Amino acid sequence: MVLNEGDGPRRFVDERGNEVRLSDERLRHILRRHPEMAFQAHRFAETLAEPDAIAPSRSRPAVRLYYRLYPDLRGRNRYVCIVVKQERGYSFILTAYLDRRIKEE
């Protein structure tokens with residue numbers, strides 16, 4: 001579920017009902033580093049709300065990786081992976097990319 005789509009950060013709801021923000025700066029980062037995600041932004045809400053798996057980051061305890069499998073990506077099964085950092089009182093998306101498998105960062 002997307003809470004807003006206007007100016008300012010985009011807001012989503014994760015599987016626990018927590019708000020997850022996506023700032024313009026982070027969106028630019030995602031599109032610059034992972035341009036294929038320009039065609040997957042509509043899947044962010046679903047991936048966060050109904051992930052197939054959530055993996056903790058080994059190197060950063062406040063970071064979780066949300067995975068959802070989409071069989072139609074690039075003609076194969078691919079996961080949308082959204083990397084979320086939890087801060088005091090809110091969470092935000094660090095990056096997002098396509099992956100072939102679930103892994104810990």
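Everything below is about the structure printed above this text.
Residues numbered from 1 in each chain as written. Predicted model: local features only at pLDDT ≥ 70, side-chain atom pairs only at ≥ 80, totals over all residues. Heavy atoms only, no water.

A.B. asks: Help me out: how do you make sense of the nonpolar core in this one?
C.D. replies: General note: in soluble globular proteins, nonpolar side chains tend to be found buried as a group. If you look at the biggest cluster of nonpolar residues, it comprises 18 residues, and the most contacted ones within it are F44, L48, I82 and I93. Not counting residues within four places of it along the chain, the set of residues in contact with I93 comprises F12, V20, R21, L22, R26, I30, F44, L48, I82, V83 and V84. With 10 residues, the next largest nonpolar core counts V63, Y67, Y79 and C81 among its residues. (Core = buried A, V, L, I, M, F, W, Y, C linked by side-chain atoms within 4.5 Å. Buried < 20%, exposed > 50% of the residue type's maximum accessible area, 1.4 Å probe, protein only. Contact = heavy atoms within 4.5 Å.)

A.B. asks: Any chance you could explain the pattern of salt bridges here in plain terms?
C.D. replies: Where charged atoms of side chains with opposite charge meet at close range, the side chains can pair. The tally for this structure, following the rule as stated, stands at 8 salt bridges. Measuring nitrogen to oxygen at the nearest pair gives 2.8 Å for the salt bridge that ties D24 to R10. Note that D24 is positioned in helix 1 (residues 24-33) and R10 in strand 2 (residues 10-13), a separation of 14 residues in sequence. Taking the relative accessible area as the measure of exposure, D24 reaches 36% and is therefore partly exposed. In this structure, R21 and E19 form a salt bridge, with 3.0 Å as the shortest nitrogen-oxygen distance. Residue classification places R21 among the partly exposed positions, given a relative accessible area of 28%. Within this structure, R11, E19 and R21 form a network of salt bridges that share partners. (Salt bridge = Lys/Arg side-chain N within 4 Å of Asp/Glu carboxyl O. Helix = DSSP H or I, 4+ residues; strand = E, 2+ residues; numbered from the N terminus.)

A.B. asks: What should I look at first to understand the pairing of strand 5 (residues 63-73) in this one?
C.D. replies: The two faces of a sheet get side chains in turn, since along a regular strand they alternate between them. Most of strand 5 is tucked away, with 8 of its 11 residues classed as buried. Looking at chain direction, strand 4 (residues 53-56) and strand 5 are connected through 4 bridges and run antiparallel. Counted as the bridge partner of A53 is Y67 from strand 5. As consecutive antiparallel partners, strand 4 and strand 5 are separated by 6 residues. Here strand 5 runs beside strand 6 (residues 76-87); their pairing, made up of 9 bridges, is antiparallel. (Pairing = 2+ DSSP bridges.)

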